[in-house]
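Survey of secondary and tertiary structure
Each chain is listed here by its residues.
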Amino acid sequence: MFSDEYFMRLALKEAQNAYEQDEVPVGAIVVHSNRIIAKSHNLTETLNDVTAHAEMQAITSSANFLGGKYLTGCIMYITLEPCVMCAGALAWSQISKVVIGARDPQRGFINKKLTLHPKTEIISGVLENECSQLIKDFFKTKRP
C-alpha cells in the first residue's frame, strides 16, 4: 500500500509539467484500488478553456477508464485546494476521498463553505510546503 505522500509526489510531478508548459502548476492523480487510473495537470492555456483545470481533466479520464460517471472508491490527490467549479464536479462524481496539498484561501472551496458529497473524506496539508512553493514560484514570474 502506497502512502498519501507517495501519490502527492506524483501529483507534484504533474504540477511541474504544468509549470514547464507555462500553465498554473496544479497537478492531480486519481487512484482506484491502489492503482493510478488518471493523472493530469492544468491545461487552461493550452486548450484556451477556463474549465480545463487538473481536477476536471482527471475526473473525465477516470470516468472514461472506469466506464461510468461515478468515482466511488477513488481518491484524488490534488496539489492545490479545488476551486468552486472543481469542487462541484467532485461532488457530482461522488469521489470517495480528496487529498489536498496546499490550501487556496482566495479561490478554494473550503473557505467558501462548500462541501463535497456527504461520503467524501477530505484530507488537507499533504506535502503542503512543496505544493505551495511551486505555485508561489510560478506567480513570481507572472506578477513581479
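Residues numbered from 1 in each chain as written. Predicted model: local features only at pLDDT ≥ 70, side-chain atom pairs only at ≥ 80, totals over all residues. Heavy atoms only, no water.

1. Comments concerning the nonpolar core
Formed by 37 residues in total, the largest nonpolar core has its most connected members in Met8, Met76, Tyr77 and Ile78. For this core, the element with the highest residue contribution is strand E3 (residues 74-80), accounting for six residues. When neighbours within four sequence positions are excluded, Ile78 is seen to be in contact with Met8, Val26, Gly27, Ala28, Ala54, Glu55, Val98, Val99, Ile100 and Gly101. (Core = buried A, V, L, I, M, F, W, Y, C linked by side-chain atoms within 4.5 Å. Buried < 20%, exposed > 50% of the residue type's maximum accessible area, 1.4 Å probe, protein only. Helix = DSSP H or I, 4+ residues; strand = E, 2+ residues; numbered from the N terminus. Contact = heavy atoms within 4.5 Å.)

2. Structural notes on the packing of aromatic side chains
Geometry of an aromatic ring pair is reported as the spacing of the ring centres plus the angle between the planes. Per the stated rule, a full pass over the model turns up six aromatic pairs. An angle of 20 degrees between the planes, with centres 4.4 Å apart, marks the rings of Phe2 and Tyr6 as stacked. The class for Phe2 is partly exposed, based on a relative accessible area of 42%. The class for Tyr6 is partly exposed, based on a relative accessible area of 37%. Judged by centre distance (5.7 Å) and plane angle (70 degrees), the rings of Tyr19 and Phe138 are edge-to-face. One end of the pair, Tyr19, is in helix H1 (residues 4-20); the other, Phe138, is in helix H5 (residues 128-142), with 119 residues separating them in the sequence. (Phe/Tyr/Trp six-rings, centres within 6.5 Å; stacked < 30°, edge-to-face > 60°.)

3. Re the UniProt feature "binding site: Zn(2+)" (unreviewed entry) in the chain
Cross-referencing UniProt, the feature "binding site: Zn(2+)" (unreviewed entry) maps to His53, Cys83 and Cys86 in the present numbering. Taken along the chain, the residues just named run across 34 residues; in space they keep tight, none of their C-alpha pairs more than 9.2 Å apart. Here His53 is in contact with Asn42, Thr44, Cys83, Met85 and Cys86, once residues within four sequence places are set aside. Of note, Cys86 is situated in helix H4 (residues 84-93). For Cys86, a relative accessible area of 0% puts it in the buried group. The contact partners of Cys86, leaving out residues within four places of it in the chain, are His53, Glu55 and Met56. (UniProt positions renumbered as here; feature names shortened; annotations may be inferred.)

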